[in-house]
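# Structural overview for review
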Amino acid sequence: MDTRTLSRLAGLASAVVLLAGTGCTADTVQGRPGASGLRDAYFPKAGNGGYQVEHYGLELGYDPADGVLHGRAVITARAEQGLSSFNLDFSGLKVERIAVQGTGARFNRTGTELTVRPADDLAAGEVFRTEVVYSGRPKPHEDPDGSTEGWIRLDGGAVAVGEPVGSMTWFPGNHHPSDKAAYDVVLTVPKGYEAVSNGRLRSRTDTGDGRTAFAWHSPEPVASYLVTAAVGRFTVTEGRTPSGVPLYSAVDPGEEAGSAPALGRLAEMTEWAAARFGPYPFSAGGAIVLPSGSLEYALETQTRPVFPGAPTEDLVLHELAHQWFGNSVSPASWKDMWLNEGFATYAEWLWAEEHGGPTAEQRFEAFLAGDTAVDPAADSDWDAFAPASPPGPEDISGNPVYHRGAMVLHRIRQEAGDAAFSALLRGWAAERRHGNASTADFTAYAEKQTGLDLRRVWDVCLYGKDSPR
Ligand SMILES: [Zn+2]
């Protein structure tokens, strides 16, 4: 059953009744409110129902001196039901005005929910534009696990990292990974600063008032937690991978020397990963390196990961692997995080195996034996819970999601053999390219692709309460 068809019919039926009753000739649509959340098991208010975003156009002015952000978001979305109102996720900042289809709209705010009431109801299937003008000093968001995300002011700049719900601190949107969209981000900053986002730099324009506007374009779908903005006095380097993917990296001058060994291999790593996981999914690549200590973590922001300080080779490889696993194939819900982290961790194992490090088999055994000489995380709490069942939202980035997640993949490799396992990794990245997937989608695909009954792997390693030791 396709509920969109049902609601469209329902909308049409009520319009017909109205027309018959009043003799009115207007194309009257009666909508109902869109849901205020997508019922994600761990972040129930993240995202909103009733529409899917197709494109975000963000125009952001930022001055590192006062930390004030001036924003204009133009959100193009398709209604999936008749809508009398719909919600955007937005936290802090002052909303100055909102227009839908060019007409001023009423709105109100409750917590992180911004409810918009268009002057005219929207019909199911209608593509509509919402413009939100806002400003203020963004306040970072604190997660259940204590980490900080969102728009973060730094000494002499700023950075935006959104996993899982921080993007609502700097632009209004449908902030759940299941609603991916294309982006155009224009960042206008005082002269002398660089401003970097995802995708390709389309233009860099002197605005004539002492500022520079950087226009970034991401044609492929992006989950909103992977959208970034970085403002600082970076050193920019541009290059290209052997197969032609343009690379654009922005590095804090103090981190240049330390970053050179790992970032110098980015083109080679991208080719290596494409040979194993299929063609690179995006039209640009690169990295953003902030002054050391700017953040508590690195993040695989789409096409251009953010690193707090000079990254190691393993870390660059990990965030690169996310471009396939997490960014192109995105989780259906936050409970499915092991599909991001287990795969990116296993990519590190594969890279090490082929570049003079331990084999994946040695790594797997090292975790079972707690041998930190092979992997320093082997004596961590990597088996505190099953990777597909993090106990709560504070656990979605816990050690088991990474390491035991990688062990699940290695168990499949043990059962299927190297050739079938390699085909599975490539096939999965192709099957769900630029889409979303749940754990159940993956287990079904793995069994279909390998022709194996993998129930024991799922029961013990992926879902099992007991340690796979
Ligand atoms: Zn990761």
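Whatever comes next refers back to the structure up there.
Residues numbered from 1 in each chain as written. Predicted model: local features only at pLDDT ≥ 70, side-chain atom pairs only at ≥ 80, totals over all residues. Heavy atoms only, no water.

### Overview of the pattern of salt bridges
For clarity, the threshold we go by: A carboxyl oxygen of Asp or Glu within 4 Å of a side-chain nitrogen of Lys or Arg is what we treat as a salt bridge. Segments assigned H or I by DSSP are reported as helices when at least four residues long, segments assigned E as strands when at least two residues long, and all are numbered from the N terminus. The buried label applies to any residue whose accessible area, calculated with a 1.4 Å probe on protein chains only, is under 20% of its type's maximum; exposed applies above 50%, and partly exposed to all values in between.
A full pass over the atoms with the stated rule returns 17 salt bridges. With a shortest N-O distance of 2.9 Å, Arg363 and Asp375 are connected by a salt bridge. Pair noted here: Arg363 is in helix 6 (residues 360-369) and Asp375 is in the loop between helix 6 and helix 7 (399-416), with a separation of 12 residues, a long-range link. Here Arg363 falls in the buried class, since its relative accessible area comes to 10%. With a relative accessible area of 7%, Asp375 lands in the buried category.

### Observations regarding the pairing of strand 15 (residues 200-206)
Definition in use: Here a strand pair is declared whenever DSSP counts at least two bridges between the two strands.
Bridge count for strand 15 against strand 16 (residues 211-222) is six bridges, and the pairing is antiparallel. When the bridges of strand 16 are listed, Arg200 appears paired with His217. Linking strand 15 back to strand 16 in an antiparallel pair, the connection comprises four residues, with Gly208 at a positive phi of about 85°.

### Here we look at the packing of aromatic side chains
We describe a pair of aromatic rings using the distance from one ring centre to the other and the angle between the two ring planes. This is how the line gets drawn: Between 30 and 60 degrees the pair is tilted, below 30 it is stacked and above 60 it is edge-to-face, where a pair is any two Phe, Tyr or Trp rings, Trp via its six-membered ring, whose centres lie within 6.5 Å.
What the rule picks out here adds up to 30 aromatic pairs. With 6.0 Å between their ring centres and 80° between their planes, Phe171 and Tyr183 make a pair best called edge-to-face. Linking Phe171 in the loop between strand 12 (157-161) and strand 13 (181-190) with Tyr183 in strand 13, this pair joins segments that are 12 residues apart in sequence. Judged by its relative accessible area of 0%, Phe171 falls in the buried class. Centre to centre, the rings of Trp272 and Trp351 are 5.1 Å apart; their planes meet at 90°, and the pair counts as edge-to-face. Within this pair, whereas Trp272 is found in helix 3 (residues 266-277), its partner Trp351 is found in helix 5 (residues 338-354), the two being separated by 79 residues in sequence.

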